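In case you want the letters, here they are:
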Amino acid sequence: MLITLDETVRLINEGKKLHIAADDSLLSQLPKGNWIGGTTPYFISEEGGLLSKEKLFVNEIDYAEEIRVESYGKYNVFQIVEECYDNGLIMLIIPFGTDVAAKYAKEAPEVEELLMHPTIGWISGFDLATGGTAKVYDGTRGESYTDKAVAMYIKLPEGKSAMINMINIFADDKNDPVIQFNDNDLTVSKCTVNGKEMNFAQYIKENGIGTKMPLVADHNGSYINTSIKEVTEDKVSFYASVFRNVEYRFAVNVEDYAGQFRDRVNEASARCPVFSCNCILNYQFGNLEGKKIPPYTGPVTFGEIAYQLINQTLVYCEIMG
Amino acid sequence: MDGIVKEKVEKILQGELRYTSANLAFNMEISKMQRRLKSGSVDMETCIKEMEAFLAKYPIVAKVDLANIAML
């Protein structure tokens with residue numbers, strides 16, 4: 001729910017367990033309490049997509065038996081799999097463009113047992129028109145960080161479990177060339193295309209490939225996107241990492257981005273997500289400003305976490321049982 | 001995991017059967033196991049053990065997945 005600063009302060013002072021997304025000018029005014037937060041001025045509210053520096057998006061975590069909050073740098077971020085509750089949910093927020101975000105992007109899929117611990121979250125950001133610094137907040141300690149991730153461990157009652165899913169408008173064409181990379185990285189020069197080594201930037205340019213379309217990898221029917229940030233003379237950088245031994249193809253062109261997004265939302269089976277976030281690229285390319293996509297409300301983000309870091313996707317969590 | 005389901009899960013991991021779950025984590029786990037098997041870094045027995053441990057963590061949705069796999 002999108003609410004005022006006064007309403008948010010009241011919820012914190014009542015001892016509610018909260019996830020909060022807002023512009024830094026608002027988050028910095030909040031008192032200590034049972035909350036974590038991240039910066040973004042973009043939201044999908046019940047009234048539609050909007051940019052707001054006057055209101056905060058707040059999720060009440062009333063399904064939790066208990067919570068704990070910790071912050072992590074790049075050297076210990078994967079302690080989350082050891083420190084989480086056995087039956088719970090990890091809600092993770094990481095500031096955009098940081099070492100800890102790069103570490104998480106590159107290594108999360110290879111972390112043993114990560115898939116056994118439902119992990120959802122987002123990359124915090126800023127107003128693209130004015131720029132700024134992405135931050136995360138640990139409300140329990142009254143601290144903010146520009147270089148650390150903040151995790152809220154949510155313990156679920158016995159018989160309940162968290163299920164994370166996503167809505168992705170992209171898919172591949174299995175007849176298209178297979179692209180592979182030698183390493184897990186956020187910036188690459190070389191790749192192989194159908195087994196033949198070449199420069200990836202040159203391949204994109206020579207084939208006139210539009211970089212509005214992400215690379216997609218088919219994970220047993222679940223398509224994971226990796227969006228292209230920049231193509232220079234000889235290098236390509238991504239918003240999330242590419243991985244060695246994974247087969248990628250460019251997503252099939254989507255003519256009506258907004259329409260396709262609405263169709264996928266209508267097809268999805270979520271009844272009552274307790275959390276969702278949506279990519280800033282979907283917000284921009286899908287013209288989501290002013291558009292409602294019930295029941296999915298939440299922050300618009302610089303990257304989504306559904307176990308690993310992904311892009312151009314709406315992720316959500318439901319509590320089952 | 002009973003014998004029939006185990007046999008079918010092995011076929012899924014070898015790419016001989018196709019099953020897509022409604023659980024994102026299960027699809028990611030299958031994909032990870034398939035890549036590991038293909039690269040030769042693990043054997044099928046290790047994969048099945050990890051798969052059983054994985055399914056034990058998601059008992060509510062695993063019930064549906066195992067029933068669906070049994071019917072493949």
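This is a predicted model, so every value here is computed, not measured.

Observations regarding the sheet that holds strand β5 (residues 48–51) of chain A
Residues and elements named next belong to chain A. Strand order in the open sheet formed by six strands is β5-β4-β24-β23-β27-β13, with mixed pairing between adjacent strands. Every interior strand has two partners, whereas the edge strands, β5 and β13 (161–167), have only one. The sheet shows a mean angle of 25° between the axes of neighbouring strands, taken without regard to direction. Across two bridges, strand β23 (residues 275–279) lies against strand β24 (residues 298–301) in parallel orientation. In the strand pairing of β24, Cys279 is matched with Thr301.

What about the domain arrangement of chain A?
Interfaces are often sized by the accessible area lost when the parts come together. All names here are of chain A. Domain annotation of chain A identifies domain 1 (2–166 + 259–320) and domain 2 (179–250). Taking only C-alpha atoms, the centre of domain 1 and the centre of domain 2 are 27 Å apart. Between domain 1 and domain 2, the residue contacts involve 15 residues of the former and 17 residues of the latter. Counting each side, the surface lost to burial between domain 1 and domain 2 is near 1400 Å², with a carbon and sulfur contribution of 58%. Considering only the side of domain 1, the residues that lose the most area to domain 2 are Lys106, Asn311 and Gln312, jointly responsible for 35% of the buried surface there. The tally of links between domain 1 and domain 2 comes to two salt bridges.

Structural notes on the pattern of salt bridges
Two side chains that carry opposite charge are able to pair once their charged atoms sit near each other. Here the structure, examined in full by the defined rule, presents 24 salt bridges over all chains. Residues A:Glu70 and A:Arg141 are paired through a salt bridge, measuring 3.6 Å at the closest nitrogen-oxygen approach. Residue A:Glu70 is located in strand β7 (residues 66–72), and its partner A:Arg141 is located in the loop between β10 (136–138) and β11 (143–145); the two are separated by 71 residues in the primary sequence. Residue classification places A:Arg141 among the partly exposed positions, given a relative accessible area of 38%. Across the salt bridge formed by A:Lys74 and A:Asp99, the nearest N and O atoms sit 3.9 Å from each other. With A:Lys74 in the loop between β7 and α3 (80–83) and A:Asp99 in helix α4 (residues 99–107), the pair connects residues that are 25 residues apart, well separated along the chain. Residue A:Lys74 is classed as partly exposed on the basis of its relative accessible area of 29%. One salt-bridge network, in which partners are shared between bridges, spans A:Glu112, B:Glu29, B:Lys32, B:Arg36 and B:Glu50.

Some words on the sheet that holds β10(A)
All names here are of chain A. On the basis of which strands lie adjacent, the open sheet formed by six strands has the order β1-β6-β2-β3-β10-β11 and mixed pairing. Strands at the two margins of the open sheet, each flanked by one partner only, are β1 (2–3) and β11. Pairing analysis gives five bridges linking strand β2 (residues 18–22) to strand β3 (residues 35–39), with the strands arranged parallel. If you follow Ala22 over to β3, its bridge partner there is Thr39.

Criteria and cut-off values
Residues numbered from 1 in each chain as written. Chains lettered and ligands numbered in written order. Predicted model: local features only at pLDDT ≥ 70, side-chain atom pairs only at ≥ 80, totals over all residues. Heavy atoms only, no water. Pairing = 2+ DSSP bridges. Helix = DSSP H or I, 4+ residues; strand = E, 2+ residues; numbered from the N terminus. Axes fitted to C-alpha atoms, helices over the stretch in contact; angles between N-to-C directions. Domains from an automatic or database assignment. Contact = heavy atoms within 4.5 Å. Buried area = accessible area lost by both parts, 1.4 Å probe. Salt bridge = Lys/Arg side-chain N within 4 Å of Asp/Glu carboxyl O. Buried < 20%, exposed > 50% of the residue type's maximum accessible area, 1.4 Å probe, protein only.

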